[in-house]
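# Architecture and fold: a report
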There are 2 protein chains.
Amino acid sequence: MPETTSPSSVRIDPARLQAMMEAVSVFGGGADGSMTRLTLSPEDGQARDWLATWFRKNGFAEKVDPIGNQFGRLDLASANAPVVMVGSHIDSQPNGGRFDGALGVISACEAILAVRETLEKSGGRSACNFVVANWTNEEGARFQPSLLGSSVFTGAADLAWALDRRDGAGISVGEALESIGYAGTDTVPIPDAYLELHIEGDSVLEREGLRFGAFTRFWGAVKYRLAFLGRQAHTGPTPMAARHDALLAGAYVITDLKALAGEFGLDLHTSVGRMEVYPNSPNTVPSEAVLFIELRSGSQAILAEAETRLLASIEAAVARAEVGHEVRSIDRRAAGRMSPGLVHLAERASDANGAPARSLDTIGGHDAISLAAVCPSIVLAVPSVGGVIHHPTEFTTPEDHAFGTQVLADMLLILANEGLSVLEVEKERR
Amino acid sequence: MPETTSPSSVRIDPARLQAMMEAVSVFGGGADGSMTRLTLSPEDGQARDWLATWFRKNGFAEKVDPIGNQFGRLDLASANAPVVMVGSHIDSQPNGGRFDGALGVISACEAILAVRETLEKSGGRSACNFVVANWTNEEGARFQPSLLGSSVFTGAADLAWALDRRDGAGISVGEALESIGYAGTDTVPIPDAYLELHIEGDSVLEREGLRFGAFTRFWGAVKYRLAFLGRQAHTGPTPMAARHDALLAGAYVITDLKALAGEFGLDLHTSVGRMEVYPNSPNTVPSEAVLFIELRSGSQAILAEAETRLLASIEAAVARAEVGHEVRSIDRRAAGRMSPGLVHLAERASDANGAPARSLDTIGGHDAISLAAVCPSIVLAVPSVGGVIHHPTEFTTPEDHAFGTQVLADMLLILANEGLSVLEVEKERR
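Keep in mind the model is a prediction, meaning the values are calculated, not measured. (Residues numbered from 1 in each chain as written. Chains lettered and ligands numbered in written order. Predicted model: local features only at pLDDT ≥ 70, side-chain atom pairs only at ≥ 80, totals over all residues.)

## Focus: the packing of helix H8 (residues 246-263) of chain A against helix H8 (residues 246-263) of chain B
- Look at H8(A) against H8(B): their axes get within 8 Å of each other, and the N-to-C directions meet at 120°. When the interaxial angle is binned, H8(A) and H8(B) end up oblique. Crossing of H8(A) against H8(B): the hand is left-handed. Along its contact with H8(A), which presents A:Leu247, A:Leu248, A:Ala251, A:Tyr252, A:Ile254, A:Thr255 and A:Lys258, the element H8(B) presents B:Leu247, B:Leu248, B:Ala251, B:Tyr252, B:Ile254, B:Thr255 and B:Lys258.
- When the residues that make up the contact of H8(A) with H8(B) are grouped by side-chain class, the tally is 10 nonpolar, 2 polar and 2 charged. (Axes fitted to C-alpha atoms, helices over the stretch in contact; angles between N-to-C directions. Helix = DSSP H or I, 4+ residues; strand = E, 2+ residues; numbered from the N terminus. Parallel < 35°, antiparallel > 145°, perpendicular 65-115°, else oblique. Left-handed = near helix turned anticlockwise from the far one by under 90°. Contact = placed C-beta atoms within 7 Å. Nonpolar A, V, L, I, M, F, W, Y, C, P; charged D, E, K, R; others polar.)

Here it is as structure tokens:
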């Protein structure tokens, strides 16, 4: 295909993008700006149905795989041409925000649509086909681990195991998929590249007055689901020395983890975001406390040291509270780097729009981190006002949505015009 | 009434007692010996219905007051004779045991029945009438505070306020009463004496090889429902220094309370049995942690000192975790003494059965502590195997049930024969 027929620019439609963001926010959105769209909930099912309708109306072929990942494929090249996948997730945290994830799916729809319109107008042909992805359970709020759909997709997690994960009410992923009609049967191949636009979730871009970032490095994470096992007893007569208080053991670990993070300065994040206490009655010594522990670092060495220290803290808590313990699960995600070719492509497209691409670390998980193990992948970022994420006041301006989506569309147009070899070339240059 | 017509002894029927204990254990009982009969639950409703049927078949007149306390009155004297009330509660902790509370209601039925049979045989007349009581929400597991029904009965708690207490699902006491048909309208007067048989819930009797105890002193309690208020944020990117972690603040207080109890040796019990974490998602810094805190002591001075120290711990946790806080409720129950007249009567009846009555402290709450504010009251105790309470393995042998019920029946017969002046006489003797 001669270069002279390639369109040199693509323009996304900010009003259309904004209308789509508003449309999808209806499902699980609260009057206060909050979003509660737990994965595979009725609200998630409604949002997926809305997206399926959008795919159909716009000529995208919908596919749903057995873990419920929802795809919309648009062929602009021959059927066996390389595939560029673009997406994110539309599930949310409980009482979270509207932009984490949803922006990535909606901007993928808009950017691919804009590329098609541009190619149609110019008569140009694409070197690749495009797929929008909406991954199941990115958040890990209802089911653990997070990144479940993308991990099954890449083969990092076993399908049967994933379908058997259960929420706090004992409902499995498989049952939840059936209940909203998203237990699919389609097979979708690994793409040749994966791109994801996301809100930054931190305040680096805002503080530096920048509009755009590329996550070049991702932090690793070690996540423990840890149960302390005590013994139920009356909080009245039971002598203090005869108590085996599982919640007390949990409290020792929580305070230890905070102190541990302090020792490593900015290089280690620790948290216990969820704790389940049983039987959780005011007058009964808790017999079980399940802690959902996270350690995160950009350095594998620090992560390993932190895990050793966590284990020592658990042993100490077991001894002090005189309880037992069980490690119920461990998830480890190694720290790593995003595709240099895609980073360079992001810089090229961003520069062309008059804004440099700031290199960022991503500390939170993204489906692109799952995909990075099997194909060139990247997460692009637009500013979060105040750095807020996982909160109803999470906000990114419509102008920044449009800017990020424009850069994304420009990246896709370059891939359509020049083919995926541009990623290899750029990689060698670095 | 000439003393010569008074029967000198009463014999309870251990087999009948045991059959009743087994019958009531069906409602909420698990195969593992556990009992989950939360107050005003369907299971509690079924157990109440069973008791109402028992009242009807045995000639007791059922009354239900507006807070759902269930009474069965048996007149053995003239209508305006003094009233002796005997009872306890049939609600339980979640996954608790079968004897805490239930024994007190069932033994009251059996003991009063045995006294009537004895009087019928001998042709003797009673100096008093009897009422069985089954108090609403003694446990405080589903609704707080505990001792709710008896506190409303004595006037210590306001009825409208009590009806508006809500469980973790937002259901009010009033709604729960309606749903099981126990929103009563009867007025039941304060009795002239109140007796309650209970399992010890500690291992003093067992360790000393004794069969029977009388609680002569009750510990006081200070209970706080305390909320720490943080801010939701992503546990990944949010810098540690920018976090406002409500659960972390809770953990500081829990570990402080354990250390505080250690300073006071055996004289102070502290606990956090329940904690509600919001939004309780693994990837989100908790914005709210509600702690159900208890301080208990036999000494008012120690209780006051412990409360001062608790407040200091809360202030320190607020500062360290950079969160806000709200005290949602405070319940205070003063330490005190049971009726000396009833203690002496218990000793007399116990001695007559060949077992001394061991003087005990009760640290847990009992409805008799509510009643102690308005009439002579006592809690009698039979041994708990291993001192276990609020656990499925809670156990008191059938022989000890029968022994305790026999002593109770003997006390009731003395009151029937000699009248309630015996309590005043005994009091002066001491």
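Moving on from the coordinates now.
## Some remarks on the domain arrangement of chain A
Residues and elements named next belong to chain A.
- Per the domain assignment, the segments making up chain A are domain 1 (3-218 + 336-429) and domain 2 (220-333).
- Once you take the C-alpha centre of each, domain 1 and domain 2 turn out to be 34 Å apart.
- At the junction of the two partners, domain 1 supplies 7 residues and domain 2 supplies 8 residues.
- Of the residues belonging to the side of domain 1 that touches domain 2, the class tally is 3 nonpolar, 2 polar and 2 charged. (Domains from an automatic or database assignment.)

## Some details on the nonpolar core
- By size, the foremost hydrophobic cluster in this structure holds 263 residues, and its most contacted members are A:Ile378, A:Leu412, B:Ile378 and B:Leu412.
- In contact with B:Leu412, other than residues within four places in its own chain, are B:Val84, B:Ala111, B:Ile112, B:Val115 and B:Phe130. (Core = buried A, V, L, I, M, F, W, Y, C linked by C-beta atoms within 7 Å. Buried ≥ 20, exposed ≤ 12 C-beta atoms within 10 Å, placed from the backbone.)

## Regarding the sheet that holds strand E10 (residues 324-333) of chain A
Residue and element names in this part refer to chain A.
- With antiparallel pairing, the 4 strands of this open sheet are ordered in space as E8-E9-E7-E10. Pairing within the sheet leaves two strands with one partner each, and these edge strands are strand E8 (269-278) and E10. The average angle at which neighbouring strand axes cross in this sheet is 15°, direction not considered.
- Here strand E7 (residues 220-229) pairs with strand E9 (residues 288-297) via 10 bridges, running antiparallel. Note that in E9 the partner of Arg225 across the bridge is Phe292.
- Together, E7, E9 and E10 form the strand contacts of helix H9 (residues 300-321), whose direction differs from that of E9 by roughly 160°. (Pairing = 2+ DSSP bridges.)

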